[in-house]
Each structure stands twice: as C-alpha cells, then as structure tokens.
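So you can see what is in the structure, the chains are spelled out below.
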Amino acid sequence: MSDAVETVLRKTPLFASLTGDETQALRRRVTSKRYDRGEILFSEGDACRGLFIVGRGKISIFKLSASGREQTLAIEGPGSSFAELPVFDGGSYPASAAASEEAEVLFISRKDFQGFCREHPDVGLKVIAVVGSRLRRLVGIIEDLSFTTVRQRLIALILRLAQTSA
C-alpha cells in the first residue's frame, strides 16, 4: 500500500516536485480510506479536517440549493487534490464532496499539512497556484452565466467537447 500511496503523491501536482525523502515524509502523514459510490466525504459547512487526494475513482464536488437542487462544480480524478483552501483559512468546507464511483481517497490532516508546508514552502506556493486556477475557472463560469445566453453557452459547450474529444 505504501508504494501505491507514494505513486499517487508523485502524480499529484502539489507534490510532483518533491524529492524521494520529502515524499516519504509526506507519506507518513497520509491515511487512506475507501468510499462507496454516493458516499459523502464531507458536507458544505463542515469544519475543515484536512486535505484530500483522489487515489482511485472519481469524487464529485458540488453545492446544494435550499430547494435541494445539486450543482456539480468539479469531478476530481486520480491525482487530484481538493479542499486545499479551508486547510489554510480555517473556514469550513465551501462545498460538499461525494464519491461518484467506488473510490480510494488519501487524507492529510489540517495540522499535518500545515506543518508539511512550513517545512516545504514550495508546496504552499503550489497550493496558491491550484486555488488561483480554480478561482479563475469559477470566475469564467460566473461570467458565462451572467453575460451569455443559454444558446451561446450551449454552443461554447459543444465546441469545448469537440476539442477535448478530438
């Protein structure tokens, strides 16, 4: 299991540039848990316990409206990290996360991850880059919803799908 966890950590953009010794030091702070399809990892508003990394399967990040309508924000696959921001700002999780399919997820507690970032400042800079990239994507979504028609959004979606499948 230890080798599999280290392989996932090396594939995770936040940790890809760590040395072997650094990866092993991080590995000692990681726990692993399996989730069944539909099982909730955390709910919006829960106190942040730590950072998650998808080892296997897919995790859906979503928000629920007061009426129960679900809006998927992202589907995270192997090597993806999520819930980085509340690890640092001390806030609660801003969205919910659930397994879209059977999944194995690595977990690093908030305290352990903050300690690791103090020892390895480059990881903290990578967290900022990941969070910044997500913020840019979400601002783009807000712009699309605010300033374009349904027809324009549908055309843009079809073009994006055509480009990714080509």
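Everything discussed here concerns the structure shown above.
Notes on the structure follow. (Residues numbered from 1 in each chain as written. Predicted model: local features only at pLDDT ≥ 70, side-chain atom pairs only at ≥ 80, totals over all residues. Heavy atoms only, no water.)

1. Let's talk about the overall build of the chain
In terms of helices and strands, the chain carries six helices and eight strands. Starting at the N terminus and ending at the C terminus, the chain contains elements arranged as α-α-β-β-β-β-β-β-α-β-β-α-α-α. The C-alpha atoms of the chain give 17 Å as radius of gyration, which agrees with the globular expectation for 166 residues (15 Å, within 12%). If one aligns the C-alpha atoms of the chain with their principal axes, the spans along those axes are about 50 × 35 × 30 Å. Looking at the 166 residues of the chain, the share that counts as buried comes to 36%. As presented, the chain carries roughly 9900 Å² of accessible surface, and 56% of it is formed by carbon and sulfur atoms. On the chain, the mean spot of the 23 positive side-chain charges and the mean spot of the 20 negative ones are 3 Å from each other. (Helix = DSSP H or I, 4+ residues; strand = E, 2+ residues; numbered from the N terminus. Rg over C-alpha atoms; globule rule 2.2 N^0.38 Å. Buried < 20%, exposed > 50% of the residue type's maximum accessible area, 1.4 Å probe, protein only. Areas by Shrake-Rupley, 256 points an atom, 1.4 Å probe, with all protein chains shown as cover. Lys, Arg positive; Asp, Glu negative; His and termini not counted. Charge placed at Lys NZ, Arg CZ, Asp CG, Glu CD.)

2. Description of the nonpolar core
By size, the foremost hydrophobic cluster in this structure holds 38 residues, and its most contacted members are F15, L41, F52, I59, F82 and F113. Per-element tally for this core: the top contributor is strand β8 (residues 103-109), with five residues. Filtering out sequence-adjacent residues up to four positions away, I59 remains in contact with L41, V54, A74, I75, E76, F82, A97, A98, A99, S100, A103 and V105. (Core = buried A, V, L, I, M, F, W, Y, C linked by side-chain atoms within 4.5 Å. Contact = heavy atoms within 4.5 Å.)

3. Focus on the packing of helix α4 (residues 110-119) against helix α5 (residues 121-147)
Relative to each other, α4 and α5 sit at 115°, their axes nearing to 5 Å. Compared by their axis directions, α4 and α5 come out roughly perpendicular. Residues F113, F116, C117, R118 and E119 of α4 lie in contact with α5, whose contacting residues are P121, V123, G124 and V127. (Axes fitted to C-alpha atoms, helices over the stretch in contact; angles between N-to-C directions. Parallel < 35°, antiparallel > 145°, perpendicular 65-115°, else oblique.)

4. Notes on helix α6 (residues 150-165)
Helix length check: α6, at 16 residues, gives a terminal C-alpha distance of 22 Å against a target of 22 Å (1.5 Å per residue), a fit within 8%. The buried count for α6 comes to zero of 16 residues, which makes it a mostly uncovered element. (Expected span 1.5 Å × (residues − 1).)

By themselves these figures say nothing about function.
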